[in-house]
Amino acid sequence: MFAVPPPARPRRTWTIIALTVFALSLTGPLSSATDTGSLLILTALHLVVAAVLIPGLTSSARHR
């Protein structure tokens, strides 16, 4: 079994992964919303969650 070394820049790695997952998560509301109101609400909810979680968890990623 191979041991995976920790990333050299954990905050940067977390931010890139989180933004990628956020972009992918937007494909659900953008592709399945039936009307404009649903699209706006679902997109706004995704934005709010991303705006709270990404900076909040980025600050917890530290180099060991």
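We now turn to the structure provided with this report. (Residues numbered from 1 in each chain as written. Predicted model: local features only at pLDDT ≥ 70, side-chain atom pairs only at ≥ 80, totals over all residues. Heavy atoms only, no water.)

**Side note on a nonpolar patch on the surface**
- Taken together, the side chains of V48, V49, V52, L53 and L57 present a nonpolar region at the surface, about 430 Å² in accessible area.
- Inspection of the secondary structure assignment puts L53 in helix α3 (residues 36–58).
- Residue L53 is classed as partly exposed on the basis of its relative accessible area, which comes to 43%. (Patch = residues over 30% accessible without salt bridge, like charges linked within 9 Å, V, L, I, M, F, W, Y side chains within 5 Å. Areas by Shrake-Rupley, 256 points an atom, 1.4 Å probe, with all protein chains shown as cover. Salt bridge = Lys/Arg side-chain N within 4 Å of Asp/Glu carboxyl O. Helix = DSSP H or I, 4+ residues; strand = E, 2+ residues; numbered from the N terminus. Buried < 20%, exposed > 50% of the residue type's maximum accessible area, 1.4 Å probe, protein only.)

**Overview of the nonpolar core**
- Of all hydrophobic cores here, the largest spans five residues; its members are A18, F22, L26, A50 and I54.
- Elements with a minimum of two residues in this core: α1 (10–25) and α3.
- Excluding residues that lie within four positions of it along the chain, I54 makes contacts with W14, A18, L19 and F22. (Core = buried A, V, L, I, M, F, W, Y, C linked by side-chain atoms within 4.5 Å. Contact = heavy atoms within 4.5 Å.)

**Brief notes about α1**
- Between its terminal C-alpha atoms α1 stretches 22 Å, which fits the 22 Å expected from 16 residues at 1.5 Å a residue.
- Three or more residues of α1 are buried, namely P10, A18 and F22. Taken down its axis, α1 places every buried residue within 95 degrees of arc, on the same side. Away from the buried face of α1 by more than 90 degrees, exposed residues R12 and L24 are located. (Expected span 1.5 Å × (residues − 1). Arc of directions from axis to C-beta.)

**Overview of α3**
- With 23 residues, α3 ought to run about 33 Å at 1.5 Å a step, and its terminal C-alpha atoms sit 32 Å apart, in line with that.
- All of the buried residues in α3 are T43, A50, I54 and T58.
- Lining the buried residues of α3 we find α1 and α2 (27–32).

**As for the packing of α1 against α3**
- Viewed as axis vectors pointing N to C, α1 and α3 meet at an angle of 170 degrees, and their least axial separation amounts to 10 Å. By the angle between their axes, α1 is roughly antiparallel relative to α3. Side by side, α1 and α3 meet where R11, W14, T15, A18, L19, F22 and S25 of the first sit next to H46, L47, A50, L53, I54, L57 and T58 of the second.
- Classifying every residue of the contact of α1 with α3 by side-chain character gives nine nonpolar, four polar and one charged. (Axes fitted to C-alpha atoms, helices over the stretch in contact; angles between N-to-C directions. Parallel < 35°, antiparallel > 145°, perpendicular 65-115°, else oblique. Nonpolar A, V, L, I, M, F, W, Y, C, P; charged D, E, K, R; others polar.)

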